[in-house]
Amino acid sequence: MKVLITDDEAQVRKGLLWKLDWEKEGFTVVGEASNGKEALRILEEKKPDIVLTDVRMPIMDGIELVKEMSISHPKVKTIILSGYADFEYVRASMHEGVKRYLLKPVDPEELSSALKDIKDELNSERAEEYQSDRAKKMMEDQLAEIREQYLLQLVRNEWAGLSISEEKLMYLGLDTFCSEEVRFLSIEIRGSMSRSDLRALFLPFRMICRELAGERAISFVDASYPHMVHYISRINDVNGLATDVQRAAKDFLGLESVIGLGKPVRGTMALKSGYETSILAWGQSSINIESQLIDDNMRENDPDFPDEAVKVLNAYIEQGNEALLQSFMTNLLERQSSMMDFTLTANRILLHLTILAGKYDPKRTEVGDEVWKCQKSIWELTSYQEVTHQLIELSRRIIKMASKLKAPANGEEVVSQVKAYMDNHYATEMSLATLAGQFHINAAYLSELFKAQVGQNFTDYLISLRMKKAKELLVDSGLKVIDIAHICGFSSSGYFSTVFKKKFGVKPIDYRKGLSTEGGVEK
C-alpha cells in the first residue's frame, strides 16, 4: 500500500522513514510533503492509500488538509502526528476522516500497529467494493440478457396469448421503445477472410454494438441469424447509429458491414413487422464485400405476399405435404413480374423458413449452412430456377426435422428440447400453450409427455427453476429483491414474493436475513 508523509520538518520525515522497514511491513512511501498544499498536489499525482500528517504546518495545516481530503479524496485514510498539547484540537477533527492519532515522538510499534489496522480496514473495504461491483456487473449482464430474450419474444410475436407486464417493460427499459416510433437495424459483418475467422470476430463486434447503443437503442441477437446483430432504435437516432457502427467495424475490426434498415413502426403489435422489414432490407444487399445501407422505407410497393401465404407455408410444413408446398412456393415465385419483386418474395419465404427452422433446430446446427446458401443464391440471382430449387430443398429439410420431432417414438426428444428451452429461458414469459405452439405439438399431449418424463407438470417445473435461481441470487446482498424478481422471470416483485413465501414459508427478504444467521434458512 502507498503512503505519503507530510511534515514541515525534514528531520521528522526522515525519522519516520527510519522507524520502520516499510517494504517488509507491506508499504511503499511514495512521497514527502512539507505542508498540506504540497500534499494535495502529490495526492493527485501518486494516489497514496494512507497519509501521515503533522498538525502544525505553514501554508495549510494538517486539519485543513484532512478537510480538503474528505472532499477530494474521501477513500484515503489519515494518521495525525502531533504533540500532546494539540490532542484536544485534533480530537475535534476526528470526524473529518482521521483514522488514528499518534503522539510525537512516534513509537515504531504504535506506528506499525496503526498502519496494519488501516491496511486491514482498506483491504476489507476493497473486498466489499469488489463484491459490490461484481454483483452490479452480474446484474447488468443478466439484465442485458433478459432484455434481449424479452425483446426477441416481442419481435417474433412469441408472447401471443400472454399478458405483457408494464412493470417488466419499464424495468427492462423497453417501455419507451414499445410506445414511441422506432426502426430496426439488421447488421451483418463481412470481410475477405474465411467464415470461421469471421465468426471469431463476431463476439467483439457484438460487444461494440452493445456499447454503441447507449440510450438511443437496444442491441440483440437472434439465433435465426447467428452472423448478425440487430437494433431497435429511436427513429431520430437511426442514421447516426448506422454511421457509428460501420465506422467502428472498420476502425476496430477491419471489417465491412451491411445494414438493413426497417420501416418505422409504433407499438408492441407492430414490432414483428418492423423487425422483418429490416431483415428483408438486408436481404436486398449485394453480395460484394463492401459496407452498405439499405433502407426499406425507400421502397414504395411490396410484391404481393399476403399474410395468408405465411400460414399456408407453415401448414404445409407441419402437415409434411411436400408436393403441395413445392407447388405453392413455385407459383408464388413465378407470378412475380420483376427481378426486384422476385428477390423480395424469395427473401420473404427464406425469412419465414429460417424462423420456422429455429423452432426445430434452436442452435441452427442442421440448417445454418443451407440458409446461408439460399441467401447467397438470392443475392447472386444467376437463375430463378436455382433459387426456387434451394428454397424447396430447405423446406423439405425442415419438414423432416418437424416429422422427427413430432414422431410418437420421440416424445422423449420433444420433452428434452422443451426442458432445455425452459432451462435457458426461464426468465422470459412462457406458458405450456405458447411452447406447444413453438414446438408444433398438441398442448394436451405435451402436458402428458412432460409430466410423465420429468415427474412434474409444466408449471411446477418452471416455478422450481425460478425458485432455485432466486435462492442462489438471494445469497448476494448486492442485488435488490426487485432485481432478482425480474431476473428470475416474474412480472412483478409482489408476485415473486407471494410465490416464494408459498414455496419456502418465508418472504425473500426474510430468507436473505436468515442466511446470515447460524444454520441459515432451508426448507
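Rules and cut-offs
- Residues numbered from 1 in each chain as written.
- Predicted model: local features only at pLDDT ≥ 70, side-chain atom pairs only at ≥ 80, totals over all residues.
- Heavy atoms only, no water.
- Core = buried A, V, L, I, M, F, W, Y, C linked by side-chain atoms within 4.5 Å.
- Buried < 20%, exposed > 50% of the residue type's maximum accessible area, 1.4 Å probe, protein only.
- Contact = heavy atoms within 4.5 Å.
- Helix = DSSP H or I, 4+ residues; strand = E, 2+ residues; numbered from the N terminus.
- Polar contact = N/O pair within 3.5 Å; in protein donor to acceptor, adjacent residues only side chain to side chain.
- Axes fitted to C-alpha atoms, helices over the stretch in contact; angles between N-to-C directions.
- Parallel < 35°, antiparallel > 145°, perpendicular 65-115°, else oblique.
- Nonpolar A, V, L, I, M, F, W, Y, C, P; charged D, E, K, R; others polar.
- Arc of directions from axis to C-beta.
- Pairing = 2+ DSSP bridges.
- Phe/Tyr/Trp six-rings, centres within 6.5 Å; stacked < 30°, edge-to-face > 60°.
- Lys NZ or Arg CZ within 6 Å of the ring centre and 35° of its normal.
- Left-handed = near helix turned anticlockwise from the far one by under 90°.

A. Looking closely at the nonpolar core. In this structure, Met422, Phe496 and Phe500 are the most contacted members of the largest nonpolar core, which totals 70 residues. In this view, Met422 contacts Met430, Leu435, Phe450, Phe458, Tyr461, Leu462 and Leu465; residues no more than four positions away in its chain are not counted. The next biggest cluster of nonpolar side chains, apart from the first, holds 29 residues, and it includes Leu325, Leu332, Leu391 and Ile398.

B. Broad picture of the side chain of Arg466. Looking at where Arg466 falls in the secondary structure, it is placed in helix H20 (residues 458-474). A polar atom in the side chain of Arg466 sits 2.8 Å from the backbone oxygen of Tyr426. Polar contacts involving the side chain of Arg466 include one to the main-chain carbonyl oxygen of Cys488, which spans 3.2 Å. Contact partners of Arg466, with chain neighbours within four places excluded, come to Tyr426, Thr428, Cys488, Gly489 and Phe490.

C. Looking closely at the packing of helix H17 (residues 411-425) against helix H19 (residues 443-454). Interaxial distance between H17 and H19 falls to 10 Å at its minimum, and their mutual angle equals 85°. Comparing the axis directions of H17 and H19 gives the class roughly perpendicular. Side by side, H17 and H19 meet where Gly411, Glu412, Val414, Val415, Val418, Lys419 and Met422 of the first sit next to Leu446, Leu449, Phe450, Gln453 and Val454 of the second. Within the contact of H17 with H19, the residues separate by chemical class into 8 nonpolar, 2 polar and 2 charged.

D. The arrangement of unusual backbone geometry in detail. Here the residue pair Lys104 and Pro105 is connected by a cis peptide bond, since its omega of -10° sits within 30 degrees of zero. Positionally, Pro105 belongs in the loop between strand S5 (98-103) and helix H6 (108-156). Positive phi, normally seen in glycine, also occurs at Lys47, with a value near 55°. By relative accessible area, Lys47 is classed as partly exposed at 45%. The phi dihedral of Ile59 is positive, around 65°, even though this residue is not glycine. The residue Ile59 is located in the loop between strand S3 (50-54) and helix H4 (62-72) in this model. Assessed through its relative accessible area of 71%, Ile59 is described here as exposed.

E. Inspection of H4 at higher detail. Taken as a whole, H4 has its buried residues at Gly62, Ile63, Leu65, Val66 and Met69. Buried residues of H4, seen end-on, are gathered within an arc of 155° and therefore sit on one face of the element. Two or three places before Ile63, at the opening of H4, Asp61 has a side-chain oxygen 3.2 Å from that residue's backbone nitrogen.

F. Spotlight on the sheet that holds strand S2 (residues 28-33). Strand order in the open sheet formed by 5 strands is S2-S1-S3-S4-S5, and the pairing between neighbours is parallel. Each edge of the open sheet carries a strand with a single partner, namely S2 and S5. When the angles between neighbouring strand axes are averaged without regard to direction, this sheet yields 20°. Inspection of the sheet shows S3 paired to strand S4 (residues 77-82) by 5 bridges, in the parallel sense. Directly across from Asp54, in S4, lies its bridge partner Leu81. Against the sheet, H4 touches strand S1 (2-6), S3, S4 and S5, its axis set at about 155° to S3. Of the strands in this sheet, S3, S4 and S5 are in contact with H6, which crosses S5 at around 175°.

G. View of the environment of Val3. Relative to the helices and strands, Val3 is located in strand S1. Counting along the chain gives 181 residues from Val3 to Phe184, while the straight-line C-alpha distance between them is 54 Å. Once you skip the residues sitting within four places of it in the chain, Val3 turns out to touch Trp22, Phe27, Thr28, Val29, Val30, Gly31, Pro48, Ile50 and Leu52.

H. Geometry of the pairing of strand S8 (residues 228-234). Of all 7 residues that make up S8, 6 are buried, and the element is covered over most of its length. Alignment of strand S6 (residues 181-190) against S8, held across 7 bridges, turns out to be antiparallel. Across the sheet, Ile187 pairs through a bridge with Val229, a residue of S8. Where strand S7 (residues 217-220) lies against S8, 4 bridges are found, and the strand directions are antiparallel. Bridge assignment links Ala217 to a residue of S8, and that residue is Ser233.

I. Region of interest: the side chain of His73. By the element assignment, His73 lies in the loop between H4 and S4. Since its relative accessible area comes to 11%, His73 is described here as buried. Ignoring any residue separated from it by four or fewer positions in sequence, one finds His73 in contact with Leu43, Glu44 and Glu68.

J. Structural context of the packing of aromatic side chains. Overall, the coordinates contain 16 aromatic pairs when judged by the stated rule. Judged by centre distance (5.3 Å) and plane angle (80°), the ring pair of Trp282 and Trp379 falls under edge-to-face. Taken together, the positions of Trp282 in helix H11 (residues 271-283) and Trp379 in helix H15 (residues 368-380) put the pair 97 residues apart, joining distant regions of the chain. Of the aromatic side chains, those joined through ring pairs into one cluster are Phe490, Tyr495, Phe496, Phe500, Phe504 and Tyr511. For Arg234, the ring lying beneath its charged end belongs to Phe177, and the centroid distance is 4.4 Å. Sitting above the plane of the Phe490 ring, Arg466 keeps its charged end 5.6 Å from the centroid.

K. Highlighting the packing of helix H3 (residues 36-46) against H4. Relative orientation of the contacting elements H3 and H4 amounts to 25°, with a least axis distance of 10 Å. Between H3 and H4, the interaxial angle falls into the category roughly parallel. As for how H3 packs across H4, the hand of that crossing is right-handed. Along its contact with H3, which presents Gly36, Ala39, Leu40 and Leu43, the element H4 presents Leu65, Glu68, Met69 and Ser72. Across the contact of H3 with H4, the residue classes break down as 5 nonpolar, 2 polar and 1 charged.

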